[in-house]
Each structure stands twice: as structure tokens, then as C-alpha cells.
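Commentary on secondary and tertiary structure
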Amino acid sequence: MDNGSSDDTKLVHAGRDPSLFEGAINPPVTHASTIIFPTVADLKATGLHIDHQATYGRRGTKVSFVLREALAELEGSHDCILTPSGIAANVAALLAFLHPGDHLLMTDSVYGPTRSFCNRFLKRMGIETTFYDPLIGADIAGLMQENTKVVFTESPGTQTFEVQDLPAIAAASHDADAVVLNDNTWASPLFFKPLSHGADVSIQAATKYIGGHSDLMMGTIATTEEAWSKVRMSVLELGYAVGPDDAYLAQRGLRTMGVRLRQHEKNAITLAHWFKAQPETERVLFPALEDDPGHALWKRDFEGASGLFGVLLREGIPEEAIAAMLDNMNLFSMGYSYGGYESLLIPTYPAGNRSATEWRHNGQLLRVHAGLEGVNDLIADLEAGFGRMRDAS
Ligand SMILES: *Cc1c(COP(=O)(O)O)cnc(C)c1O
């Protein structure tokens, strides 16, 4: 089937074949551990080399193969594999390429639990991590060691929103024979294509925008043909399994991701401008804004912005005043994660999550996830919140 050239068409059609399922639009959810084979010959024909075909529950059934095929088409990848969470995807992708004695270059803006995996688990395994300035670009060549095997990127970082020059970093990394990994959760494969910008491996916390409804934990890893067998074996050897109900939710979320992401983007841009106009705001951290330091790279490489951005408040606003705002919001909730249909607003503390660079700001950083609500209602909620903050200052 020809799924067209537009990503919107791919989101709707990729991986689907209703003729296989009595004409049903969506694939059936098969709960299975044991898969039975009619003959010895059929049994013997299965094995590690078989993929995209049910052989044992842990390795997936039709619903997970549909999701994998749809994602691979959207990512422009050789193949794509599922993991039980986004962090599990980062773990499997790193372990696919690293051995004791190896060296890893890791962006300083990385998601906290990924940083912790490097500092604790990889260190115990004898793998050394050097954190680097996310804005380093081609100068990453200067950090390469003889044993550097992996360069990990995440752009923009989901606390501080620096956009990385992935093509420049990838070129320098490949010159040094290092593999380039990219955690692309912020943009989703709809708004950024890591493999077309030099990455070998594209990682996604499907928990966020692919799921889209705050009811799913999942990760995905899409790779080039050269990187595929190592990543696939890493996921199989780690024993990860993704349940069929979760695979179903993810493939269902994917079908509407285009319209959801554009509404998240539209609301986020409106909210970002509102925050910018408030006297308490020092700076809005959002590459979609023209005066953001990452705007030029974002415009060059991305097809759009998701709904997640940062707001740095001016120094000197009392903590109680900020709490008076956050504790009593009506539509915005406080919670980790993002990518669901609902708006979120939380305080974040990036200073402790840095080692190669410094977060020098004393003002409170807020993280906003613009949900799909009517944006005027969201602004009214924020106006009331800033009013409470002013009254308590
Ligand atoms: C949420 C997130 C993860 C982890 O995903 P989980 O499904 O929560 O494990 C990894 N990377 C980024 C950038 C994220 O935002």
C-alpha cells in the first residue's frame, strides 16, 4: 500500500491493513504468552532471526508489529522496536553500543534519569561519561577520545530548551567512528527526524506525545540499517516486553498525533507570548519564539514545536508567592511528564542537573505544558495565578 508522501497521511495509514482483520480499522489486541505451532517444521523455523511475526508473547503480536511499522515509516528508519518506557529505550540504546572501558559523550541538558543511569549504572560497568555543553556543535570533535563509542543528544532539552546542532555533532562523531543517539521526545518524529539529521538512533518516550492521553508508559527506538541489529539484540536480551493493550493505545494515539501536536504548538506559542509580556518574566525558553537563542537552528531543522516550554521568573519573587500561584490553579495541574491533552505547570530546578555547564539564574524556572484546552481559558487561569502571586509578594 502506498501511504503517500505526507506525514499526515502516514500517521493515518502506515502499518494498517484492515483486510487482515475482517475489515476492522484498528488491529485486534491479542493477549498472548505462548504461541503454538502446528508442525515441527514450523516450530523449527522460528528463532532469534524471526521478527514482525508472532513466535512468543514477549516478542510481540500483530498490534505491536502494526505500531512498529507505522513508526518506522514516520521516522524514515530501517525498523523500530518498542520498550516498556522511555527511559528503558535510552537504557537499551546505550547498552547496545557500550562495553566496559568505553567512553560516552552526553549532553548536559539530558533528561535527569538518563543522567543518573550514566553516573550510576554505566559507571559501575566501567563506562565513563563526559557531559558536554549542549551548544557545543562541531567543537565536540575536541572531546573525542580513542574509546569514545557513543555521542548522546537530546534537543531541545526538556528543562532548559537548548537546541543542538545535530548535523554538526553527528558529522564530528562519525569522523571519530562514534554512534549518534538522539532522544527526540520533545518534538516527536512528526516535528523532527533525527535520522535525516545525522543520528543513527532515534529514541522516543511514547509516554508523551504518541500516547497523548496520559495513560501509557512506552519507549520506541528507530534506527538506520547499520545500527539495527545491535539495538534489536539489546532490547531482546534485556527481556523487555510491551503489553498488547499498551501497544494498542500507542498505535491509536499515533493516528491523531498530527492534529494534537499542531494544537499544542498553537496554544504554546500564544501562552509563551502571554508569559513574555508579564513584568515578572525574565525570559521564556521556547525555540519557536523568534528571539530565542535556539530559534535559527530550530527553524532550519524542525517542522514545528510541541507544547512544552520554560518560563524563567525574575529573581526575588518569594517562594510563597510562587506557591500561591501554583497551588491554586484551576485548569493547569502540577505533575511530571507532558504530551497529554491537559495543561501542566510545575516548578523545575535545573541547577542540580548540570555538570559541564552552569545554570546561573536565581529566579524560579517554571515548565509549562500547553494542553488542548481553549487558550483564552488557559490565559484567564494564568492571569488569576499571577494575580495571587502579586498579592502574596
Ligand atoms: C519523559 C522522558 C523520558 C522518559 O520516558 P518515560 O516513559 O517516563 O520513562 C525520556 N526522555 C525525555 C526527553 C522525556 O521527556
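The rules behind each value
- Residues numbered from 1 in each chain as written.
- Predicted model: local features only at pLDDT ≥ 70, side-chain atom pairs only at ≥ 80, totals over all residues.
- Heavy atoms only, no water.
- Helix = DSSP H or I, 4+ residues; strand = E, 2+ residues; numbered from the N terminus.
- Buried < 20%, exposed > 50% of the residue type's maximum accessible area, 1.4 Å probe, protein only.
- Lys, Arg positive; Asp, Glu negative; His and termini not counted.
- Salt bridge = Lys/Arg side-chain N within 4 Å of Asp/Glu carboxyl O.
- Polar contact = N/O pair within 3.5 Å; in protein donor to acceptor, adjacent residues only side chain to side chain.
- Near = heavy atom within 4 Å.
- Areas by Shrake-Rupley, 256 points an atom, 1.4 Å probe, with all protein chains shown as cover.
- Nonpolar A, V, L, I, M, F, W, Y, C, P; charged D, E, K, R; others polar.
- Pairing = 2+ DSSP bridges.
- Axes fitted to C-alpha atoms, helices over the stretch in contact; angles between N-to-C directions.
- Expected span 1.5 Å × (residues − 1).
- Bend = angle between axes of the 7 residues up to and from the residue.
- Contact = heavy atoms within 4.5 Å.

Let us now look at the side chain of Arg 16. Within the fold, Arg 16 resides in the loop between α1 (7–13) and α2 (40–44). Here Arg 16 occupies a buried position and makes no salt bridge, while the nearest side chain of opposite charge, Asp 17, is found at 8.1 Å. Here the side chain of Arg 16 touches Ile 25 through a polar contact of 3.3 Å, landing on its backbone oxygen.

What surrounds the ligand is a group of 14 residues, the closest being Gly 86, Asp 183, Thr 207, Lys 208 and Tyr 338. Residue Asp 183 places a side-chain N or O atom 2.6 Å away from a nitrogen atom belonging to the ligand. Between the ligand and Tyr 338, the relevant distance is 2.7 Å, taken from an oxygen atom to a side-chain nitrogen or oxygen of the residue. Relative to its free-state accessible area of 380 Å², the ligand is covered by the protein chains to the extent of 93%. Among the elements that make up the shell around the ligand, the one with the highest residue count is helix α4 (residues 86–97) (three residues). Of the residues assigned to the shell around the ligand, the class counts are five nonpolar, six polar and three charged.

With that settled, consider the sheet that holds strand β9 (residues 308–313). Reading across the sheet, the four strands line up as β8-β9-β11-β10 and stay open at both edges, with antiparallel pairing between neighbours. Each end of this open sheet is capped by a strand with a single partner; those strands are β8 (281–285) and β10 (344–348). Between one strand and the next, the sheet's axes are offset by a mean angle of 25°, whatever the strand orientation. Strand direction decides the pairing type here: β8 and β9, joined by four bridges, are antiparallel.

Helix length check: helix α5 (residues 112–124), at 13 residues, gives a terminal C-alpha distance of 18 Å against a target of 18 Å (1.5 Å per residue), a fit within 8%. The largest bend in α5 amounts to roughly 30° and is located at Cys 118. Listed as buried for α5 are Thr 114, Arg 115, Phe 117, Cys 118 and Leu 122. Buried-residue contacts for α5 involve α4, β2 (103–107), β3 (128–132) and β4 (148–154). A positive phi of about 80° marks Gly 126, the residue just after α5.

Glancing now at helix α10 (residues 257–276). Between the first and last C-alpha of α10 there are 28 Å, a value that for 20 residues agrees with the 28 Å anticipated at 1.5 Å per step. All of the buried residues along α10 are Met 257, Gly 258, Arg 260, Leu 261, His 264, Glu 265, Asn 267, Ala 268, Leu 271, Ala 272, Trp 274 and Phe 275.

Without other data, these values stay purely geometric and don't point to any function.
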